[in-house]
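Each chain is listed here by its residues.
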Amino acid sequence: MADVTKFLNGIENFQQRHFGENAELASTLVDGQQPQALLIGCCDSRVDPAVLLNCDLGELFILRNIANLVPPYIYNDDYHGVSSSLEYAVCRLEVTDIIVLGHSECGGIAALMEADDSGDSGEFIGKWVNIAAAARDKVLAEMPDAPRDKQARACEREAILISLKNLMTFPWVKERVAKGQLCLHGWYYNIKTGQLRYYNQLTGEFEILVRRYEKSPPPADAV
Ligand SMILES: [Zn+2]
């Protein structure tokens, strides 16, 4: 068995904080959860939503999958992991916000860029990321001669828009958005710089929401 000591030490540290220093929060959470937002993020280990947004337990209802994708609303006998998480967050927990959090250097989007239309990458991955095939096709049509990494960055952002569009195919999402009870957000995190952009529906652009990290210059008298 692989050495999991690091993880066991981790939960012991967590227990000390959660049931010790934060005992009040721990006892509140036993009664239930009231997260403000559903966050749909990628499985990528570098973009853990609760860590990135510095959220405590109970603050975010999180759904993670390859490339943070939302399929369109389809009601049939298949297993619908994404749709059931969405239904629970929206209809039971009544979150007021849904955030689709995409990111740079996404392996899922790289698989989408590499796959042909039949979605041949892997047993499951190719078919899954093909949800965003229209994003890839748009990027390839609009910037056919751009370097591959630029196309991938553009596709990562376009795929967020596909997920936002697909969210609106769920009748109970559409209804709540129309009534002003639910707000949809498309965010894009740059793992190289820490910069966070958001999709502005008015301009149709991903604009800066939180600037990239800059080290403060040392004070003049310290030089
Ligand atoms: Zn990813």
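Please refer to the structure higher up on the page.
Residues numbered from 1 in each chain as written. Predicted model: local features only at pLDDT ≥ 70, side-chain atom pairs only at ≥ 80, totals over all residues.

J.: Let's hear about the overall build of the chain: which residues, and what values?
T.: In terms of regular secondary structure, the chain is built from nine helices and six strands. By principal-axis analysis of the C-alpha atoms, the chain measures approximately 60 × 55 × 50 Å. The 223 residues of the chain split such that 29% are buried. If you take every contact in the chain between residues at least 6 apart in sequence, the share linking residues at least 24 apart comes to 61%. (Helix = DSSP H or I, 4+ residues; strand = E, 2+ residues; numbered from the N terminus. Buried ≥ 20, exposed ≤ 12 C-beta atoms within 10 Å, placed from the backbone. Contact = placed C-beta atoms within 7 Å.)

J.: An account of the packing of helix H5 (residues 107–114) against helix H8 (residues 148–167) is needed here, citing residue identities and associated values.
T.: Taken N-terminus to C-terminus, the directions of H5 and H8 make an angle of 110 degrees; their axes are 10 Å apart at the nearest point. Relative to H8, the element H5 lies roughly perpendicular. Touching Ile109, Ala110, Leu112 and Met113 of H5 are Gln151, Ala152, Cys155, Glu156 and Ala159, all from H8. Of the residues in the contact of H5 with H8, the class split is seven nonpolar, one polar and one charged. (Axes fitted to C-alpha atoms, helices over the stretch in contact; angles between N-to-C directions. Parallel < 35°, antiparallel > 145°, perpendicular 65-115°, else oblique. Nonpolar A, V, L, I, M, F, W, Y, C, P; charged D, E, K, R; others polar.)

J.: An account of the nonpolar core is requested, with residue identities and associated values reported.
T.: One recurring pattern in soluble globular proteins: nonpolar side chains tend to sit buried together. Counting residues in hydrophobic clusters, the biggest one holds 48 residues, and the most contacted among them are Leu38, Ile40, Ala67, Val129, Ala132, Cys155 and Ala159. In terms of residue count, H8 provides more of this core than any other element does, eight residues in total. What Leu38 contacts, discounting residues up to four positions off in sequence, is Phe61, Leu63, Ala89, Val95 and Ile98. (Core = buried A, V, L, I, M, F, W, Y, C linked by C-beta atoms within 7 Å.)

J.: An account of unusual backbone geometry is needed here, citing residue identities and associated values.
T.: With a phi angle near 45 degrees, Asn68 is a residue other than glycine that sits in the positive phi range. Of the residues examined, Asn68 has 30 C-beta atoms within 10 Å and is grouped as buried. Positive phi outside glycine occurs at Glu94, with the angle close to 55 degrees. Along the chain, Glu94 turns up in the loop between helix H4 (81–92) and strand E3 (97–103).

J.: Before we move on, can you summarise the sheet that holds strand E4 (residues 183–189) with the specific residues and values?
T.: Read across the sheet, six strands follow the order E2-E1-E3-E4-E5-E6 without closing on themselves; strand pairing throughout is mixed. Of all strands in the sheet, those with a lone pairing partner are strand E2 (60–65) and strand E6 (205–210), marking the two edges. Averaged over all neighbouring strand pairs, the angle between strand axes comes to 30 degrees, with direction disregarded. Bridge analysis of strand E1 (residues 37–42) against E3 gives four bridges, and the strand direction is parallel. (Pairing = 2+ DSSP bridges.)

J.: Account for the environment of Gly122, naming residues and giving values.
T.: Inspection of the secondary structure assignment puts Gly122 in the loop between H5 and helix H6 (125–129). Taking C-alpha positions, Gly122 is 9.1 Å from Ala111, a pair spaced 11 residues apart along the chain.

J.: Describe the environment of Ile208, and please don't skip the residues or the numbers.
T.: Position of Ile208 relative to the elements: it lies in strand E6. You can call Ile208 exposed: it has 10 C-beta atoms within 10 Å. With 20 residues separating them along the chain, Ile208 and Tyr188 place their C-alpha atoms 9.3 Å apart. Excluding residues within four positions of it along the chain, Ile208 makes contact with Gln195 and Arg197.

J.: For the pairing of strand E5 (residues 196–200), give the residues involved together with the corresponding values.
T.: As defined by bridge partners, E4 adjoins E5 across three bridges and the pair is classed as antiparallel. Pairing of Tyr189 across the sheet is with Leu196, part of E5. The pairing of E5 with E6 spans five bridges and is antiparallel. Looking at the pairing, Tyr199 lines up with Phe206 of E6.

J.: Before we move on, can you summarise H4 with the specific residues and values?
T.: Helix length check: H4, at 12 residues, gives a terminal C-alpha distance of 16 Å against a target of 16 Å (1.5 Å per residue), a fit within 8%. Among the structural elements, E1, E2 and helix H9 (171–178) are those in contact with the buried residues of H4. A positive phi of about 55 degrees marks Glu94, the residue just after H4. (Expected span 1.5 Å × (residues − 1).)

J.: Describe the packing of helix H7 (residues 133–142) against H8, listing the residues and the values that go with them.
T.: Interhelical geometry of H7 versus H8 gives an angle of 140 degrees and a closest axis separation of 8 Å. Here H8 runs oblique to H7, going by the angle between their axes. For the element pair H7 and H8, the recorded crossing hand is right-handed. In contact with Ala134, Ala135, Arg136, Lys138, Val139 and Leu140 of H7, H8 contributes Gln151, Ala154, Cys155, Glu158, Ala159 and Ile162. Residues that form the contact of H7 with H8 fall into these classes: eight nonpolar, one polar and three charged. (Left-handed = near helix turned anticlockwise from the far one by under 90°.)

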